[in-house]
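# Remarks on the overall topology
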Amino acid sequence: MMMRLFYYLVAAPVLLALRILFWPVKMLLRLLIWFWNRGREGRRFRKMDFDAMDGWEFEGYVAKLLTRNGFCHVEVTKGSGDQGVDILAQKDNLSYAIQCKHYTSKIPNKAVQEAYAGAGFYGCDRAVVLTNSYFTQSALELGDEIGVELWDREELRKLVRRAGRR
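Residues numbered from 1 in each chain as written. Predicted model: local features only at pLDDT ≥ 70, side-chain atom pairs only at ≥ 80, totals over all residues. Heavy atoms only, no water.

## Observations concerning the packing of helix 3 (residues 109–122) against helix 4 (residues 137–146)
As a packed pair, helix 3 and helix 4 sit with axes 8 Å apart at the nearest point and diverge in direction by 20°. One element, helix 3, and the other, helix 4, form an angle in the roughly parallel class. Where helix 3 abuts helix 4, its residues Asn109, Val112, Gln113 and Tyr116 lie against Ser138, Ala139, Leu142, Gly143 and Ile146. Of the residues assigned to the contact of helix 3 with helix 4, the class counts are 5 nonpolar, 4 polar and no charged. (Axes fitted to C-alpha atoms, helices over the stretch in contact; angles between N-to-C directions. Helix = DSSP H or I, 4+ residues; strand = E, 2+ residues; numbered from the N terminus. Parallel < 35°, antiparallel > 145°, perpendicular 65-115°, else oblique. Contact = heavy atoms within 4.5 Å. Nonpolar A, V, L, I, M, F, W, Y, C, P; charged D, E, K, R; others polar.)

Structural data, given as structure tokens:
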């Protein structure tokens, strides 16, 4: 009985006063931590080595990269039966079907054909093949002919630089 009376008359009002007094400090600290983590995320994002990743990690990395570059509704498709498309995304009222290729050698025609077919399957406006490598000459010619955008290592680096600034 005495403990309950002590709690209601002394402890509860003191705790409430402390909570009200320290609430602005708590919010200020949360804001500072948010700013600090936001800056660290950008630095960490720029430093990631996409050549050391495996294919699945690369797809996830590219999805985050696209989100940080202003794409919305970014979705990594399921592994099997994806019709040659690894990521679906939208930007500026255009839908993109993106085929990610994590290769050490040049990307052949097959990837361009898969992206083109997958974009048609998903009803996307643009087909893109994105790689950490480069494309063969025949893949460049085919992509130019059928309208598939080919984003090579240099374009990937540009996306990383832009994402690190945001």
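Back to the write-up after that little detour.
## Thoughts on the pattern of salt bridges
Going through the model one piece at a time under the given rule, you end up with 6 salt bridges. Glutamate 114 is paired through a salt bridge with lysine 110; the nearest N and O atoms lie 3.1 Å apart. Within this pair, glutamate 114 and its partner lysine 110 are both found in helix 3, separated by 4 residues, close to a single helical turn. With a relative accessible area of 22%, glutamate 114 lands in the partly exposed category. For lysine 110, a relative accessible area of 54% puts it in the exposed group. With its nearest N and O atoms 3.2 Å apart, the salt bridge here joins arginine 126 to glutamate 149. Linking arginine 126 in strand 4 (residues 126–131) with glutamate 149 in strand 5 (residues 148–151), this pair joins segments that are 23 residues apart in sequence. The exposure class assigned to arginine 126 is partly exposed, which follows from its relative accessible area of 32%. By sharing partners, the salt bridges in this structure join Lys101, Lys110 and Glu114 into a single network. (Salt bridge = Lys/Arg side-chain N within 4 Å of Asp/Glu carboxyl O. Buried < 20%, exposed > 50% of the residue type's maximum accessible area, 1.4 Å probe, protein only.)

## Some details on the sheet that holds strand 3 (residues 94–101)
Here we have 5 strands laid out as an open sheet, ordered 1-2-3-4-5, and mixed in their pairing. Lying at the two open borders of the sheet, with one neighbouring strand each, are strand 1 (72–76) and strand 5. Averaged over all pairs of adjacent strands, the angle between their axes in this sheet comes to 25°, without regard to strand direction. Sheet topology note: the strand 3/strand 4 ladder contains 6 bridges and is parallel. By the bridge assignment, lysine 101 is partnered in strand 4 with threonine 131. (Pairing = 2+ DSSP bridges.)

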